[in-house]
Amino acid sequence: MLDWLRFILTAVLLVGGITVMCISMYGVYRFKFVLNRMHVAAMGDTMGLFITLLGLSFSAPDFTTVIKFFLIVCFLWIASPVASHLIARLEVTLNDHLEDEMEVLK
Amino acid sequence: MNSSKPSLKQKFTAWLENASMLDDAMEKDLAKGSDLKAQENEKAVYEAWEQRQKNRHDTAVQEEHALYERIHHWTMTGGAKTATILYRLFCIFVCLAVTAFMLMMVLDMPAYGNANSPVNNEVSARYIEKGMEETGAVNIVAGMILDYRAFDTLGESTVLFIAACAVLTLLRIDLNRHGLPTEELIAAEADDRHHEPKDDVILQRSAALLVPIILLFGIYIIFNGHLSPGGGFSGGAIIGAGMILYLNAFGFKATGKIMNFRVFTVITFCSLMFYGLAKTYSFFTGANHLHSIISPGIPGNIFSAGLILPLNIAVGMVVACTMYVFYALFRKGGM
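Residues numbered from 1 in each chain as written. Chains lettered and ligands numbered in written order. Predicted model: local features only at pLDDT ≥ 70, side-chain atom pairs only at ≥ 80, totals over all residues. Heavy atoms only, no water.

Enquirer: Is there a simple way to think about the overall build of chain B in this case?
Expert: When you go through chain B residue by residue, the secondary structure sums to 11 helices and zero strands. Start at the N end of chain B and walk to the C end: the helices and strands fall as α-α-α-α-α-α-α-α-α-α-α. Out of the 335 residues belonging to chain B, those deemed buried represent 27%. Considering only intrachain contacts with a sequence separation of at least 6, the fraction spanning at least 24 residues in chain B is 72%. Working note: accessible area of chain B is about 23800 Å², and carbon and sulfur atoms make up 67% of it. (Helix = DSSP H or I, 4+ residues; strand = E, 2+ residues; numbered from the N terminus. Buried < 20%, exposed > 50% of the residue type's maximum accessible area, 1.4 Å probe, protein only. Contact = heavy atoms within 4.5 Å. Areas by Shrake-Rupley, 256 points an atom, 1.4 Å probe, with all protein chains shown as cover.)

Enquirer: Is there a simple way to explain the overall build of chain A in this structure?
Expert: Scanning chain A from terminus to terminus reveals four helices and zero strands. Reading the helices (α) and strands (β) of chain A from amino to carboxyl end gives α-α-α-α. Over its C-alpha trace chain A gives a radius of gyration of 18 Å, far above what one expects of a compact globule, namely 13 Å for 106 residues. The dimensions of chain A, computed from C-alpha atoms along their principal axes, are 60 × 25 × 20 Å. Classification of the 106 residues of chain A by burial places 26% in the buried group. (Rg over C-alpha atoms; globule rule 2.2 N^0.38 Å.)

Enquirer: Honestly, the confidence of the model for chain A in this entry has me stumped. Any pointers?
Expert: Do not read the fine detail of predicted coordinates wherever pLDDT is low. Residue-level pLDDT values for chain A average 86, and 99% of them are 70 or greater. The weakest mean pLDDT in chain A belongs to helix α4 (residues 98-101) of chain A at 74; the strongest belongs to helix α1 (residues 2-30) of chain A at 90. (pLDDT = per-residue confidence, 0-100.)

Enquirer: When you look at the interface of chain A and chain B in this model, what are you seeing that I'm missing?
Expert: Accessible area lost upon the coming together of the parts is a frequently used measure of interface size. In this complex, chain A contributes 10 residues to the contact, which on the side of chain B involves 10 residues. Across the chain A to chain B interface the summed buried area is about 930 Å²; carbon plus sulfur atoms make up 82%. Three residues stand out in chain A for area buried against chain B, namely A:Phe75, A:Ile78 and A:Arg89, and they jointly supply 41% of the buried area on that side. Where chain A meets chain B, there are zero salt bridges. The interface formed by chain A and chain B contains zero residue pairs in polar contact (both at pLDDT 80 or more). Looking at the side of chain A that touches chain B residue by residue, the classes come out as seven nonpolar, two polar and one charged. (Buried area = accessible area lost by both parts, 1.4 Å probe. Salt bridge = Lys/Arg side-chain N within 4 Å of Asp/Glu carboxyl O. Polar contact = N/O pair within 3.5 Å; in protein donor to acceptor, adjacent residues only side chain to side chain. Nonpolar A, V, L, I, M, F, W, Y, C, P; charged D, E, K, R; others polar.)

Enquirer: Before we go on, may I ask you to explain helix α3 (residues 63-94) of chain A in this structure?
Expert: Each full turn of the α-helix corresponds to 3.6 residues, which orients residues three or four apart in the same direction. With 32 residues, α3(A) should reach 46 Å at 1.5 Å per residue; the first-to-last C-alpha distance of 47 Å fits that figure. When α3(A) is considered as a whole, its buried residues turn out to be A:Phe69, A:Val73, A:Ser80, A:Val82, A:Ser84, A:Ala88 and A:Glu91. Where α3(A) is buried, its residues touch α2 (34-58) and α4 of chain A together with α7 (201-223) of chain B. (Expected span 1.5 Å × (residues − 1).)

Enquirer: Mind showing me how you'd approach the packing of aromatic side chains here?
Expert: Aromatic ring pairs are described here by two measures, namely the spacing of the ring centres and the angle between the planes. All names here are of chain B. Going through the model one piece at a time under the given rule, you end up with seven aromatic pairs over all chains. Seen in terms of ring centroids, phenylalanine 217 and tyrosine 220 are 6.2 Å apart; in terms of plane orientation they differ by 25°. Their pairing is stacked. Taken together, the residues phenylalanine 217 and tyrosine 220, both in helix α7 and three residues apart, mark about one turn of the helix. Judged by relative accessible area, phenylalanine 217 falls into the partly exposed class, the value being 44%. (Phe/Tyr/Trp six-rings, centres within 6.5 Å; stacked < 30°, edge-to-face > 60°.)

Enquirer: What should I look at first to understand the nonpolar core in this one?
Expert: Nonpolar side chains tend to gather and get buried jointly when the protein is soluble and globular. Residues and elements named next belong to chain B. Of all hydrophobic cores here, the largest spans 18 residues; its most connected members are Leu168, Ile239, Met243, Met259, Phe264, Tyr324 and Leu329. Secondary structure elements with two or more residues in this core: α5 (150-171), α8 (232-250), α10 (261-287) and α11 (308-332). In terms of residue count, α11 provides more of this core than any other element does, six residues in total. In this structure, Ala142, Tyr275, Ala278 and Leu311 belong to the second largest nonpolar core, which totals 17 residues. (Core = buried A, V, L, I, M, F, W, Y, C linked by side-chain atoms within 4.5 Å.)

Below you can see the structure in the form of structure tokens.
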């Protein structure tokens, strides 16, 4: 019974994580501007990965593996938003037609 | 003596007289004044030439304009369509051809799990059965690449070193011969991160948090290479990435204290030299059935597996330095 519960939780969360990843991949091609695409790309790195690893940790053999998953999530949740922030800053600095793409608050 | 060869003083006076003669001639020319008529003539010739040049230039511009208009018109209407259709057809054809070719190759391969396939020969069986006993490494891959086939790995590390040297020769911007920075170097310094955000606080804080963890993790992977998956190449790559992150956050001034071309050369040379010497000793004693001071130890301990741990460290240092030097050279042409 417990095994089945773990399996179902893992499966549902894995499918959810893969769905988020797919949506973010689709969004990278769907959106036109760098700032929108950056948001979608970062979503796959943070939310998709978190849900996937949460699902995997339900069927992990021992607690050490769960801690390792947690550390991976911590690392990527620090690294990925910072990378997005740098991309955004570079885009704002370099793009001359930023006003055409979006509303810029001065 | 004097008659055959002029003395130094004679030469000097002769030279002085010559010079004064030239001066006289020049003064005479200046005093006479230039011919006005000749000057006017020259002016007319020059104007005619200028007019001809201008005409030629105008015709060329007109022709080019017409050509551009024609091509532009064609690409905007018929050309674009044709090119797109051709391109797509070509893409589909290439994809299908490559897929078919790959599938044909797969058909020729031995069946999966076939005991008689050439993959399952006595070499891999021996690695699996006796690898731990002979090398002392729990990680069979580490035992293979750093013990049985160690000279292959030395070649790989040397390839990295040679690649770094080649990039250094091509991209490094040197000081000039007086030891001063050249214009190119100044331009490179100014251009470096010209558009990029400098001293970004968010990046600096997160780098201060992450870099020690990344470096520690890389060292762990190198030191644990004979016990778990990993080793010199992957651990060195992680350390190099950590150093690059630090460089991005804090700039060349911060990393230049520990890493410059001299450090790079010394570390890489010492690592490769140690690797070659240690492995030569090990192979020599092994091939001649001599007593070797290197023992496999107890498999599973951190100080075991003989030479694998020091060789992993050597390879890791080479890889980390090479990654960092590549990044620095491609970014600025120096460190």
